[in-house]
Amino acid sequence: MKAITTSTRPIGQSVQRPNPSLKGRGESLANYSVNTKGRRRKGSIWRWIFQLSTMIGIIALLALLLNIINGAFGYAVLEAKVDPATLAVNGVPLEEQSKGQLIDVLQSKLSSGAFNKLERDQPFAERSRANVYQLVIERLVKYDIKASWPLWDSLTHSGEIKATFARDYPNAQLRFISWFTADFVSRPQSSEALTAGVRTAILGSLWTILFTLLLAFPLGVGAAIYLEEYATDNRLNRLIRTNINNLAGVPSIVYGILGLAIFVRTLEPLTSGELFGLVDPTTANGRTVLAAGLTLGLLVLPIIIINAQEAIRAVPQSLRKASYGLGATKWQTIWSHVLPNAMPGILTGTILAISRAIGETAPLVVVGASTAISFDPASPFSKFTTLPIQIYQWTSRPQDEFRSLAAAAILVLLVILLSLNASAILLRNRFSRRL
Amino acid sequence: MMEQEKKRNFTTSFRRQSTGLRGRRRIGETIIQALLFLSGFVSIFTTIGIVYELGKEALLFFQMPEVSILESLTNAQWQPHTGNFGIWPLVTATLMTTVIAMLIAIPLGLGVAIYLSEYATPKARNILKPILEVLAGVPTIVYGYFALMFMTPLLRSIFGRDVVEIYNTASAGLVMGILILPLITSMTEDALSAVPRSLREAAYAMGGTRLEVALQVVVPAALSGIAAAIIIGVSRAIGETMIVAVAAGAGPKFTLNPFKGAETITGHIVRISGGDLSYDSIDYNSIFALGLLLFMITLTLNIISQRIVRRFREVYE
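Residues numbered from 1 in each chain as written. Chains lettered and ligands numbered in written order. Predicted model: local features only at pLDDT ≥ 70, side-chain atom pairs only at ≥ 80, totals over all residues.

### Structural notes on the overall build of chain A
For chain A, the helix and strand inventory stands at 20 helices and 3 strands. In chain A, which comprises 435 residues, the share counted as buried stands at 39%. Nonlocal contacts in chain A, meaning residues at least 24 apart in sequence, comprise 75% of its contacts between residues at least 6 apart. (Helix = DSSP H or I, 4+ residues; strand = E, 2+ residues; numbered from the N terminus. Buried ≥ 20, exposed ≤ 12 C-beta atoms within 10 Å, placed from the backbone. Contact = placed C-beta atoms within 7 Å.)

Below, the structure is given as structure tokens:
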């Protein structure tokens, strides 16, 4: 094959007098041979155009990534509501105080109600010093972001930024903030940009994906087995096949509307947990993790079916024949020979479906993701928010600091997707080695 | 007859002896087959569910006193609180973003596909294809952020801040074009590489240059696949939601200026359902009517693309 490719190239390029019939259109032979140079020039121009469009695609990807990184780091002007220096006890600055001293500061400055609430959330005896310090910063110092700059400006125009800062914000401090940190991943959601994190959203995504998988994996693999191993070529089965292809092309937001009608409204007793006596019927609400997971399950079902079908089709026929030859029934053959061999392919397809589901936003907005919840989801019947929903909400806010949070959350999402896809590729490689 | 019966009896009794479990197994097999059939049938239920639920609520929407089908086709305003339900502002915005997206995605997508399939060395292809696949795997909300934080400032610095509004259909459409580019590329490339090598060799033997072979032999032979790719791309653009929800603007406006904000069908659904939507309100019913419209459009486009592939595909042995 390779030899043919290399040998055809020189022929195409070095022909001196091409056959006029290829170009045709009434040109005479004389005219035509003169044109060889022009044709070659045209060829190289177009080649350059094709290369350029490929480059544009790659540049777009680079711009996308750089734009996100650009947003996730940079200078910000922080103005404290209470100057940390005034919170010093006996001349010991805030940063060097012990946990006990910090608790005293909190107790003296906060109202007793607010202090007791903190104690009730988690007793101070159990909190770490870092946690108490963060509480002091959050509740007493209360940094306010006056201005912020993206990474590129922070690097190239740091002089101007410092000048603006010195001129306009005399009582504030300028800090280089990395919005994308380990802390950001482990902190719960908050309405304050500086203390907001994505833990709530990540846990919400995980809970949702769990139910997506519980619905879509067995159904999807079952449907694929039926279509590949059992279905004869009759009208009903053809309808099922065409239908699956069509469902794969339905816009995701339509699934959201379907989920709203079926899982949130019609099946409210089930999805709100009322059926199990977990919530009061009067306050029952079907906008839960379970409803979201099931909606996404329907959405990724066609993807799982199509990928599983391909994996099952790739299992060689000889394996099935050998199994039948030994007297196995159809299901025994499928269960102990076809499925184990198709499993890496099925799992690869499932991982791809999961990464699709993790990135979905629109259907979940329609199903009714909560706008601001700061507590982690604890059961299938919890209200939910997910990582893409959080990104959407932060992006929609006009303040720059929330856009920075959105950029950092996007980085978290991309890291998750990248590791999922890497595991899919590893599986695929193992699969191709085995067969 | 008798003999056959005997023979069958003999074989079954023989098998029963050898495995001893055949009768029971068969019931299990039937149950399993029925379960598998049911899971295959879930996809049919999903379609029925979509048509039934969307149709039911859409019917309720059109039965409301404020709404009439005729009015929604002639009115150029969509303002639920004043009782104006003209579909056109949403449709024009959807069309605008789709057209802009396709203006980007079709030429670039075809160019990339032709380059990858006809020009690139296997080594280059092995590097470039995964990169483009990454582009396809990025969630659409990320593209929304990109449109708002990169494309809009870029457009504003090129055309001027007073010409380009912060929220505009142009930046949403351009970024949507980048989103659809890998889809068109991969489908077109599949179609191009399905054209048998012998056709190319014959054309080279006739003295065609690489460009002439690509554009006058390979592309026409793969035309049905390319057309299908474009139609799927259009269908995807119409149904695309998060980019327009973030970057195209809120509030249905009847305008054909791509630098002004406008709301597409999908963008409107997302904005309306963002809050706690109360059941059976006119807003609640209207998203079902709009969803039904979206479903019909995309379904028609998908079916057309499948028909094109089936009917016009050149079959080479």
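### Focus on the domain arrangement of chain A
All names here are of chain A. Along its sequence, chain A is organised into domain 1 (2-69), domain 2 (73-187) and domain 3 (199-434). For domain 2 versus domain 3, the distance between C-alpha centres works out to 40 Å. The interface of domain 2 with domain 3 comprises 10 residues on the first partner and 9 residues on the second. Sorting the residues of the side of domain 2 that touches domain 3 by element identifies β1 (73-80), β2 (143-148) and α10 (182-186) as the ones contributing at least two each. Among the elements that make up the side of domain 2 that touches domain 3, the one with the highest residue count is α10 (3 residues). Tallied by class, the residues present in the side of domain 2 that touches domain 3 amount to 6 nonpolar, 3 polar and 1 charged. (Domains from an automatic or database assignment. Nonpolar A, V, L, I, M, F, W, Y, C, P; charged D, E, K, R; others polar.)

### What about the pairing of β1 of chain A?
All names here are of chain A. Summarising the sheet, β1 and strand β3 (residues 173-178) pair through 6 bridges and their orientation is antiparallel. Across the sheet, Y75 pairs through a bridge with F176, a residue of β3. Across 5 bridges, the pairing between β1 and β2 is antiparallel. Each bridged residue has a counterpart across the sheet, and for V77 the counterpart in β2 is A147. (Pairing = 2+ DSSP bridges.)

### Some details on the nonpolar core
Ranked by internal contacts, the top residues of the largest apolar core, which has 188 residues, are A409 of chain A together with V175 and I243 of chain B. Grouped together as the second largest cluster of nonpolar side chains are 8 residues, L102, L106, V132 and V136 of chain A included. (Core = buried A, V, L, I, M, F, W, Y, C linked by C-beta atoms within 7 Å.)

### Digging into the sheet that holds β2 of chain A
All names here are of chain A. Spatially, β2-β1-β3 is the arrangement adopted by the 3 strands of the open sheet, whose pairing is antiparallel. Only two strands of the sheet have a single partner each, and these edge strands are β2 and β3. Strand-to-strand twist in this sheet, taken as the mean axis angle between neighbours without regard to direction, amounts to 45 degrees. (Axes fitted to C-alpha atoms, helices over the stretch in contact; angles between N-to-C directions.)

### Topic: the confidence of the model for chain B
Residue and element names in this part refer to chain B. Looking at chain B as a whole, its pLDDT mean stands at 86, while 90% of the residues score no less than 70. Under a pLDDT of 50 for its full length, residues 13-17 has, in the predicted model, 2 contacts with residues more than four places off or in other chains. Scoring the predicted complex yields pTM 0.85 and, for the interface, ipTM 0.87. (pLDDT = per-residue confidence, 0-100.)

### As for helix α4 (residues 36-72) of chain A
Residues and elements named next belong to chain A. Helix length check: α4, at 37 residues, gives a terminal C-alpha distance of 54 Å against a target of 54 Å (1.5 Å per residue), a fit within 8%. Along α4, the residues that are buried comprise G43, W46, F50, T54, G57, A60, L64, N67, I68, N70, G71 and A72. Downstream of α4 by a residue or two, G74 has a phi angle that is positive, lying close to 150 degrees. (Expected span 1.5 Å × (residues − 1).)

### Things to note about the environment of V415 of chain A
Within the secondary structure, V415 of chain A is located in helix α20 (residues 400-434). For the pair V415 of chain A and R238 of chain A, spaced 177 residues apart in the sequence, the C-alpha separation amounts to 40 Å.

### Quick word on the interface of chain A and chain B
Each partner contributes residues to the interface: chain A has 76 residues there, and chain B has 77 residues. Ranked by the residues each element gives to the side of chain A that touches chain B, the list is headed by α4 of chain A, at 20 residues. Residues that form the side of chain A that touches chain B fall into these classes: 44 nonpolar, 25 polar and 7 charged.

### Observations concerning the domain arrangement of chain B
Residue and element names in this part refer to chain B. By the assigned domains, chain B splits into domain 1 (9-63) and domain 2 (74-312). Put simply, the middle of domain 1 and the middle of domain 2, counted by C-alpha atoms, are 38 Å apart. Contacts between the two partners involve 7 residues from domain 1 and, on the opposite side, 7 residues from domain 2.

### Quick word on helix α13 (residues 252-266) of chain A
Residue and element names in this part refer to chain A. An ideal rise of 1.5 Å per residue puts 21 Å on 15 residues; α13 measures up with 20 Å between its terminal C-alpha atoms. The largest bend in α13 amounts to roughly 35 degrees and is located at G259. Among the 15 residues that make up α13, 13 are buried, leaving the element largely enclosed by the rest of the structure. (Bend = angle between axes of the 7 residues up to and from the residue.)

### Side note on the environment of D144 of chain A
All names here are of chain A. By the secondary structure assignment, D144 is in strand β2. Each C-alpha atom of the pair D144 and G327 lies 75 Å from the other, and the pair is 183 residues apart in sequence. Dropping the residues within four chain positions of it, D144 is found in contact with E79 and K81.

### Re the packing of α4 of chain A against helix α6 (residues 140-159) of chain B
At their nearest, the axes of α4 of chain A and α6 of chain B sit 10 Å apart, and the two run at 85 degrees to each other. By the angle between their directions, the pair α4 of chain A and α6 of chain B is classed as roughly perpendicular. Every residue of α6 of chain B that contacts α4 of chain A at A63, L64, N67 and G71 of chain A is listed here: F146, M149 and F150 of chain B. Broken down by class, the residue content of the contact of α4 of chain A with α6 of chain B amounts to 5 nonpolar, 2 polar and no charged. (Parallel < 35°, antiparallel > 145°, perpendicular 65-115°, else oblique.)

### Quick word on the environment of S193 of chain B
Topologically, S193 of chain B is positioned in helix α7 (residues 169-193). Considered as a pair, S193 of chain B and G233 of chain B are 40 residues apart in the sequence and their alpha carbons are 19 Å apart.

### Focus: unusual backbone geometry
In the Ramachandran plot, D280 of chain B falls in the positive-phi region, its phi being about 65 degrees despite a non-glycine side chain. Tracing the chain through its elements places D280 of chain B in the loop between α12 (265-273) and α13 (282-312).

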